[in-house]
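# Tertiary structure, described
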Amino acid sequence: MGVQELVGAEALGVLRAREELGLEADEFDVALRTGEIRTTPAAGGRRRVVRKDVERLRAEEGFPDTLRERLRLVGSVEGGELIGITRDRFTRFAKGGLIRPVRWYVNRYRTVVWLYLAVEVRQLAVDHPALLTGRLPAALRDALDEGEDHRPRGWRARRVEEMVRDAADAWGEAAAWAALLGPEAAAEAVPDPHERAYLRRLRPGLPPGNTGSYAVREVIDAHIVADHPDEVAFAQVSLADALLRARAVRPAPGSGDERQPGPADLAPPKGAAASSSAARSPRPPRRTAGGRWRRLLGLGAG
């Protein structure tokens, strides 16, 4: 669960925190995405930065260079160069789920470009030195030959982890999982219209981040909704768990003293129908969430 609301001197505005850390806007965004910096709820739906995190980072030896290096993003070409392999081999690693992207955007050629943390690329080489040379394992080769690509759901996994981490309470966690499922699948998982409307107000959808000026709505929608049976099953189980915990504390607003949900709350957002339908079929049987994201990424139970 996320950091609780802090007062005055315990939290900083986003711009002030960025200035104290000496980070560019993109670097600061990566710091937020990866958990280097935590945020806390503030008035008006905004968020503020935990001051202790800023002080901790500033006290590190080698600051700010060491922090900037941890936040550095690389594409497939530079990622391959970092660990002495070709771009093609690095891309196969990423498609196979061995490393998860932090960000994506669409370039002028209408191609999706995936970006990774350089520090995680180096760690990949440390953890799997045998994969850097020779033939890839048969199971990985077969999956790739069949068109397997873990990059979109690997990015979604990171995004949801971030939202769950920063959630103010269990309702916020539930809203993150509902956003991952998409409006239609979430409607099946949350039949109560008041609860569904509340979750939609908390989190209308999975934030895609800065996808670039060439990203069209169809491409964005295709990347922000769960579309793999295991991914959908895990999100359903996680949503159900969060709802149980949320209901045990308080009901969703709207049943009596709050406003009733209107059409804007209950209707799927524009452009979401096609992408959310992918999350509904095929519908796998529910299963336990053991192994969490490692199982979803094909890395075993962990």
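This text gives an overview of the structure that appears in the document. (Residues numbered from 1 in each chain as written. Predicted model: local features only at pLDDT ≥ 70, side-chain atom pairs only at ≥ 80, totals over all residues. Heavy atoms only, no water.)

A few words on the overall build of the chain. Looking only at helices and strands, the chain features 17 helices and 6 strands. For the chain, the proportion of its 302 residues judged to be buried stands at 45%. Accessible area of the chain: about 15,200 Å², with a carbon and sulfur share of 53%. (Helix = DSSP H or I, 4+ residues; strand = E, 2+ residues; numbered from the N terminus. Buried < 20%, exposed > 50% of the residue type's maximum accessible area, 1.4 Å probe, protein only. Areas by Shrake-Rupley, 256 points an atom, 1.4 Å probe, with all protein chains shown as cover.)

As summarised here, the arrangement of the 3 strands in space is 1-3-2, forming an open sheet in which the pairing is antiparallel. Looking along the sheet, the strands with just one partner apiece sit at the ends: strand 1 (11–12) and strand 2 (39–41). Sheet topology note: the strand 1/strand 3 (residues 47–50) ladder contains 2 bridges and is antiparallel. By the bridge assignment, Ala 11 is partnered in strand 3 with Val 50. The sheet strands contacting helix 3 (residues 51–58) are strand 1 and strand 3, and the helix crosses strand 3 at an angle near 40 degrees. (Pairing = 2+ DSSP bridges. Contact = heavy atoms within 4.5 Å. Axes fitted to C-alpha atoms, helices over the stretch in contact; angles between N-to-C directions.)

Between Phe 63 and Pro 64 the backbone carries a cis peptide bond, its omega angle lying at 5 degrees. Its location among the elements puts Pro 64 in the loop between helix 3 and helix 4 (65–71). Its identity as a non-glycine residue notwithstanding, Arg 110 has a phi of 65 degrees, on the positive side. Mapped onto the elements, Arg 110 comes out in the loop between strand 5 (103–106) and strand 6 (112–117).

Here helix 9 (residues 151–166) crosses helix 13 (residues 217–224) at 70 degrees, and the two axes come no closer than 8 Å. Between helix 9 and helix 13, the interaxial angle falls into the category roughly perpendicular. Residues Pro 152, Trp 155 and Arg 156 of helix 9 lie in contact with helix 13, whose contacting residues are Ala 222, His 223 and Ile 224. Per-class residue counts for the contact of helix 9 with helix 13 are 4 nonpolar, 1 polar and 1 charged. (Parallel < 35°, antiparallel > 145°, perpendicular 65-115°, else oblique. Nonpolar A, V, L, I, M, F, W, Y, C, P; charged D, E, K, R; others polar.)

Along the chain, the position of Glu 195 falls in helix 12 (residues 193–202). A relative accessible area of 9% places Glu 195 in the buried class. Setting aside residues up to four positions removed in sequence, Glu 195 forms contacts with Trp 171, Val 190, Arg 247 and Ala 252.

Before going further, it helps to spend a moment on the pairing of strand 5. By the bridge criterion, 4 bridges tie strand 5 to strand 6 in an arrangement that is antiparallel. Residue Tyr 105 lies in a different strand from strand 6, and its bridge partner there is Val 113. The turn linking strand 5 back onto strand 6 is made up of 5 residues, and Arg 110 within it adopts a positive phi angle of 65 degrees.

Where charged atoms from two side chains of opposite charge approach closely, those side chains can pair. In this structure the tally under the stated criterion is 25 salt bridges. Linking Glu 231 and Arg 156 is a salt bridge whose minimum nitrogen-to-oxygen distance equals 2.7 Å. Linking Glu 231 in helix 14 (residues 229–249) with Arg 156 in helix 9, this pair joins segments that are 75 residues apart in sequence. For Glu 231, a relative accessible area of 0% gives the class buried. In this structure, Arg 159 and Glu 162 form a salt bridge, with 2.7 Å as the shortest nitrogen-oxygen distance. One end of the pair, Arg 159, and the other, Glu 162, are both in helix 9, 3 residues apart, so they sit about a helical turn from each other. By relative accessible area, which is 9% here, Arg 159 ends up buried. For Glu 162, a relative accessible area of 6% corresponds to the buried category. Several salt bridges converge on common partners, so that one network encompasses Asp 29, Arg 33, Arg 103, Arg 159 and Glu 162. (Salt bridge = Lys/Arg side-chain N within 4 Å of Asp/Glu carboxyl O.)

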